[in-house]
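# Notes for the structure review
Residue-level listing of the chains:
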Amino acid sequence: MATSQEKVHPALHELFKSSNKGLMESTIAGLIATLEVVSNDLSPVFLVLDAMDECREAIDVLKHLAHLKKNLCIAVTSRYLAETDYDASWYIHLDDTQSFRQDVAKYLQAKF
């Protein structure tokens, strides 16, 4: 999103300036607010969050993102989600189940 235009989006520039150490020290609220402002200028926006199991604030991030506008399409990957009261009824869960193993076996047989 930062490079989709010729210049850096003003909201991203402001976020960077507001932190002494750059974007790595930004708050979740600051990042979410900036994402919302920048995504309003682009349509549609596809956001992929990979390895969310490695994020200490994964549930908080997902809660914030769930309230953003509708033209923001979000895909999240994670090995697991921590036990919480957060309703994640919209997720697809691939566990080590018999049907999952059968699907993988069919795929591998077709490839080999």
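Up top is the structure.
Note that the structure is a prediction, hence the values are computed from the model and not measured.

A separate point is the packing of helix α2 (residues 28–40) against helix α3 (residues 58–66). Running from N to C, α2 and α3 cross one another at 30 degrees; their axes reach a closest spacing of 11 Å. By the angle between their directions, the pair α2 and α3 is classed as roughly parallel. α3 is crossed by α2, and the crossing has right-handed handedness. Residues Ile 28, Ile 32 and Leu 35 of α2 form the contact with α3, whose own contacting residues are Val 61, His 64 and Leu 65. Tallied by class, the residues present in the contact of α2 with α3 amount to five nonpolar, one polar and no charged.

For the rest of this paragraph, the subject is the pattern of salt bridges. Evaluated as defined, the whole model comprises two salt bridges. A salt bridge links Glu 14 to Lys 17; the nearest nitrogen and oxygen atoms lie 3.2 Å apart. Of this pair, Glu 14 and Lys 17 both sit in helix α1 (residues 10–18), three residues apart, which is roughly one turn of the helix. Residue Lys 17 is classed as exposed on the basis of its relative accessible area, which comes to 52%.

Attention now goes to a nonpolar patch on the surface. On the surface, a nonpolar cluster with roughly 470 Å² of combined accessible area is contributed by Val 104, Tyr 107, Leu 108 and Phe 112. Summarising the element assignment, Leu 108 is placed in helix α4 (residues 98–111). With a relative accessible area of 38%, Leu 108 lands in the partly exposed category.

Criteria and thresholds
Residues numbered from 1 in each chain as written. Predicted model: local features only at pLDDT ≥ 70, side-chain atom pairs only at ≥ 80, totals over all residues. Heavy atoms only, no water. Axes fitted to C-alpha atoms, helices over the stretch in contact; angles between N-to-C directions. Helix = DSSP H or I, 4+ residues; strand = E, 2+ residues; numbered from the N terminus. Parallel < 35°, antiparallel > 145°, perpendicular 65-115°, else oblique. Left-handed = near helix turned anticlockwise from the far one by under 90°. Contact = heavy atoms within 4.5 Å. Nonpolar A, V, L, I, M, F, W, Y, C, P; charged D, E, K, R; others polar. Salt bridge = Lys/Arg side-chain N within 4 Å of Asp/Glu carboxyl O. Buried < 20%, exposed > 50% of the residue type's maximum accessible area, 1.4 Å probe, protein only. Patch = residues over 30% accessible without salt bridge, like charges linked within 9 Å, V, L, I, M, F, W, Y side chains within 5 Å. Areas by Shrake-Rupley, 256 points an atom, 1.4 Å probe, with all protein chains shown as cover.

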